[in-house]
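Chain and residue survey
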Amino acid sequence: MMESTNTSFPDAGSSHVGGRAQKRRASGSQKVESPQKKQKPQPGRPCTRSQKKGKASVADGDNTPEPVGTTLSTTTLSPPSSQPPISSKIRAALCDSVEYWRAHQGGIQSNDKIASGMLLNGKTTPRDVIQAQVIVTTVGSGLKLGTDRKRIRTEDQKTTSKNYVALKNSMEIGKPIGIVVGKQAETKGHYTNNLLSVELINHYNVLDWFFITDIWSERQPTQRDGSSYMQYMVRLQSIQLDSHPWWLPQGQERANAHAIGDFHCRQFICQSCDTLSKEIFKEGWCCLKDTCSKFFQFSNADIDFNTLRYNENFLNERKQWISKAPLQKLVPELPIMESEHYGSESKFKRGIVCPTCKFASRRISWEGWKCENGCGFELSMIPRDVPMAQIHEEALKTMNKKHRKFYEIDARIGCASHNVAGYEVTSFYLPNTPENLKLGKAKFIGSVTIFRPMKSTRERKDGLDDLFQEIQKATRVGDVKLQRHPAFCRGSHMEELTSHFSCNMGADYKFGVVVETSNGFDTAPDPVMKALSRLTWSGAAAVALTADHVRACKLSVDSDSMPGNFIDFNEQLMLGYFQDSQISFHDDGEKELGPTVATLSLGSPSLMRFRGKKKAGFENTIGSDNVMLSFVLEHGDSVIMHGTKIHQHYEHAVYAEGVRRYALTCRYIRPEMIPDLERREKAIVNGKVPTYWQKQAYRGESTEAVYTV
Ligand SMILES: O=C(O)CCC(=O)C(=O)O
C-alpha cells in the first residue's frame, strides 16, 4: 500500500522570529488626541472603570526584573528544578496521551473553536516570556514561507484567524490551556528552548495549566526582510499560583511569583476610538485596538518598537481563575477496562503517561502499552472477544445513520450483480481516466467486486461468524501479533503510526508502512489460512465473473490492467481496527504486485471509498474528496479489486464504524520483481501454501451450485 498523504509535519504556529532586529520608528503622529477635547492625552485618559491599586508606580523605572530565561547558550543552562509532569521524544506520543493537546500539526489544539492546549517552541518575538506564573507569546498562524524558506508574516493578522478565534473563545469562558514547551535547539541530546534558562529533558514537555488573561494586537517587531505587520499576542497566567514551576532553575522558582492584588496594570480609554487598552509597555501607553487610527502610536515619537518591553504591572498582575468546570488532571490516569468494555473502544487506543518515568507512550501493541522510554513499565490490556450480537447491533446502527446509503456510485461506473454459491455478488467497473477516454482508449480499467454472504453462509458451522471468533482468539492469545507501525517520518520526533494494527504473513510485502513478515504460510495460524482459502476462491471467482461479463456485454476494458486469468495469492496482511480507526486514502500500486487484491472484512461495519486521483485528471466527481464509489462493508463481506491500473488512477480508504474489525487482505507478490535474491527466495518459501491447505481449498457454499473457475 502506498499512503498518499503529505509526510511533512512542520511545527507550525511556533515560528521563531530571528535575524537582525532592525530599528523602526513608530509610525504616524505620536500624539493621541481626543476627538472631543484637545488635550495632551499621554498616557490617555485614566480609566474610571478600573481603580488603580498596584504597588508599583506606572513609571516603574528600570528596576523591572528581566524575564527569567533569555539565554540560548547551553553552557549557561541549569537543570530544571524538577521533572516535567509529562514529557516525550515523539510529538504524536504526547498528542495521543493527553486530551488537551492533540495537535499533531500546528501549535494550538482547538475543538469547536475553543483552544485547550498550546505548544511553545521558542520565542516568537523578542518580548515573549515564560515566567513562573505568566506566559506572553504570539497567537501564531498566518505565516508564509519567505524567500529564505523561513516563515514570515506577509500581511496583518486577522480576527478571522483560526487561532485567534479559538484563543479568544477560551479566554471568554476561562478554559484551561495545557501548555507544552518544545525543543528549539538540541546539542548532543541536550534540548533547549530560548524561552527558558533550563535544559529540557525531552523534546516535548508539559508545563502546567494556564488560562488566558489578555489578547491584544501589536505592531510586530521588524522582520528579516524589514517588514512589520499587525499581529495578535496572548498573555496566559498559571491557574494554580502555588504550583511548582519545574521549568525554572532550582532556587528561582519564586522569581516573579506574585499573589492576586499585589500588582495592578492601569488601563486608559483611547480618546480616538473610546476603547480601553492596558498600559502594557514600560515605554508608555498606546491604543491597542487595531482598527483605531491611533493604534500603536506612542506620545514619544522616538520610541523604537523593536525594543519595547512589557510593563512590570502588566506582567505581575494576577487574576483569579474563574470557570464553571472543574480543573481536569494534567496527567491523565491510566485507563481501566471495566466489565462493559471490549478493550478496543477508542479510548483504549490513546497513549498513556508512564507512572514511573512520566513518559508519554503510545498504544503500539494490540496487547497493551509499554513505556516508550524503556523504563520497563508495561500495562497489559488484551481486548476481549466481541460477540456477534454486538456486531449485528453496530451493523443496524450504521445503516440507520442519517443519509447513509449502502452504495454511492458515480454515473460513469458500470455495475453488474450475480448470485454465486451463497453470496450476493456486485461488481463495479471503474472508468479509465478522462484523458484516456477522450483519446478513445478502453472504457474500463478494473473491477471492484463485493461478495456479500447470505445469512446461512455466515452462520453455518465453520462459517464466517466462526472465523471471526477464531481470528479474535488468535489475536487475543498472541498467535497473530498485531502492532501499529510507523507510517510517516519513521524514527523522527514527528513519527506517526498507522491508525490500525497489522501483521503480515506469507511473502514479505514492502510498502510505505514497514510490516515485517512474522510467519510464512507454513506456520501461519489456522484462521489466517482459512481466510486465505476463502479469498483465493472469491478472488478467482471475481476474475472469472469479470471476464464473463466483459465477454457477454462486449465491454471495452484494458486487458493489460485486468487480465482474464487469476494468480494464486502468496501474501496476507491482517489489519486490526479499534473503534474510530481507519486506513486513509492510499493505493496498492507497488510494482511487484499482481493485478488482484482481495480483502475479507470480519466484525464491525466500515465504509470503503474510492476516489479518482487528481493527477489522473479526475475532478468534479460526486461527493466530497472526489469520491466516485463508496459502500458499506459488513461482517463477512469480501472486496476484490482486479486491475493494476485501479491503483494508478484511484485510491481507496476504509473507515471502521464499530468497536472491532479485522481486514484480511491477500495479494500476489511477483517474486521475479524482487531484486534482492535472498528476499526473493524468502518470498517464494514463505508464500507457498502447504499441501494440507491446498487440499482444504474453499469452494464456495455447497448449498448452491459452486461457481467453477
Ligand atoms: O480495511 C480494509 O478493508 C482495507 C485494507 C486495505 O485497503 C489494504 O490493506 O490495502
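Residues numbered from 1 in each chain as written. Predicted model: local features only at pLDDT ≥ 70, side-chain atom pairs only at ≥ 80, totals over all residues.

**Focus: the overall build of the protein chain**
- Within the protein chain, the secondary structure is distributed over 11 helices and 36 strands.
- Looking at the protein chain as a whole, 47% of its 709 residues qualify as buried.
- Restricting the contact set of the protein chain to residue pairs at least 6 apart, pairs at least 24 apart contribute 73%. (Helix = DSSP H or I, 4+ residues; strand = E, 2+ residues; numbered from the N terminus. Buried ≥ 20, exposed ≤ 12 C-beta atoms within 10 Å, placed from the backbone. Contact = placed C-beta atoms within 7 Å.)

**Let's talk about the domain arrangement of the protein chain**
- Segmentation of the protein chain into domains returns domain 1 (1–25 + 69–260 + 313–332), domain 2 (346–380) and domain 3 (406–695).
- One C-alpha centre belongs to domain 1, the other to domain 3; they are set 44 Å apart. (Domains from an automatic or database assignment.)

**Some remarks on the nonpolar core**
- Grouped together as the largest cluster of nonpolar side chains are 78 residues, with contacts concentrated most on Leu430, Val528 and Met574.
- Of all the elements, helix H8 (residues 526–553) adds the most residues to this core, at 12 residues.
- Counting 66 residues, the second-largest nonpolar core is a separate cluster that includes Tyr204, Leu248, Phe359 and Trp369. (Core = buried A, V, L, I, M, F, W, Y, C linked by C-beta atoms within 7 Å.)

**With respect to the pairing of strand E36 (residues 660–669)**
- Where burial is concerned, most of E36 is hidden: 10 out of the 10 residues are buried.
- Every second residue of E36 is oriented toward a common face, with Arg660, Tyr662, Leu664, Cys666 and Tyr668 on one face and Arg661, Ala663, Thr665, Arg667 and Ile669 on the other, all of them buried.
- Sheet topology places strand E29 (residues 571–578) next to E36; eight bridges connect them, and they run antiparallel. If you follow Tyr577 over to E36, its bridge partner there is Arg661.
- Where strand E31 (residues 593–603) lies against E36, eight bridges are found, and the strand directions are antiparallel. Residue pairing across strands places Ala598 opposite Cys666, the latter belonging to E36. (Pairing = 2+ DSSP bridges.)

**A closer look at the UniProt feature "binding site: 2-oxoglutarate" (unreviewed entry) in the protein chain**
- On the UniProt side, "binding site: 2-oxoglutarate" (unreviewed entry) is annotated at positions that read His586 and His652 here. Spatially, the listed residues are clustered: although they cover 67 residues, their C-alpha atoms lie within 5.6 Å of one another.
- Mapping His652 onto the fold places it in strand E35 (residues 650–656).
- Looking at His652, the number of C-beta atoms within 10 Å reads 25, which means it is buried.
- Setting aside residues up to four positions removed in sequence, His652 forms contacts with Phe585, Met608, Arg609 and Phe610. (UniProt positions renumbered as here; feature names shortened; annotations may be inferred.)

**Observations regarding the environment of Thr356**
- Considering the arrangement of structural elements, one finds Thr356 in the loop between strand E17 (352–353) and strand E18 (360–361).
- You can call Thr356 exposed: it has 11 C-beta atoms within 10 Å.
- For Thr356 and Gly376, which are 20 residues apart along the polypeptide, the C-alpha to C-alpha distance reads 8.9 Å.
- Not counting residues up to four positions away in its chain, the partners in contact with Thr356 are Cys371, Cys375 and Phe377.

**Quick look at unusual backbone geometry**
- Located in the positive-phi region is Asp112, a residue other than glycine, with phi close to 50 degrees.
- Secondary-structure assignment places Asp112 in the loop between strand E4 (108–111) and strand E5 (114–120).
- Note on Asp112: 6 C-beta atoms within 10 Å, which makes it exposed.
- A positive phi is found at Arg149, a non-glycine position, where the angle reads about 70 degrees.
- Inspection of the secondary structure puts Arg149 in the loop between strand E8 (143–145) and strand E9 (151–153).

**A few points about the environment of Ser447**
- Along the chain, the position of Ser447 falls in strand E24 (residues 444–453).
- Judged by the 27 C-beta atoms lying within 10 Å of it, Ser447 falls in the buried class.
- For the pair Ser447 and Ser116, spaced 331 residues apart in sequence, the C-alpha separation works out to 46 Å.
- When near neighbours in sequence (up to four residues on either side) are disregarded, Ser447 contacts Ser427, Phe428, Tyr429, Thr546, Met562, His642 and Gly643.

**Observations regarding the pairing of strand E23 (residues 423–431)**
- By the criterion of burial, E23 is predominantly enclosed, with seven of the nine residues buried.
- As judged from the seven bridges shared by strand E22 (residues 414–420) and E23, these two strands associate in the antiparallel manner. Residue Ala416 lies in a different strand from E23, and its bridge partner there is Ser427.
- Counted along the chain from E22 to the antiparallel partner E23, the turn is two residues long, and its residue Ala421 has a positive phi close to 40 degrees.

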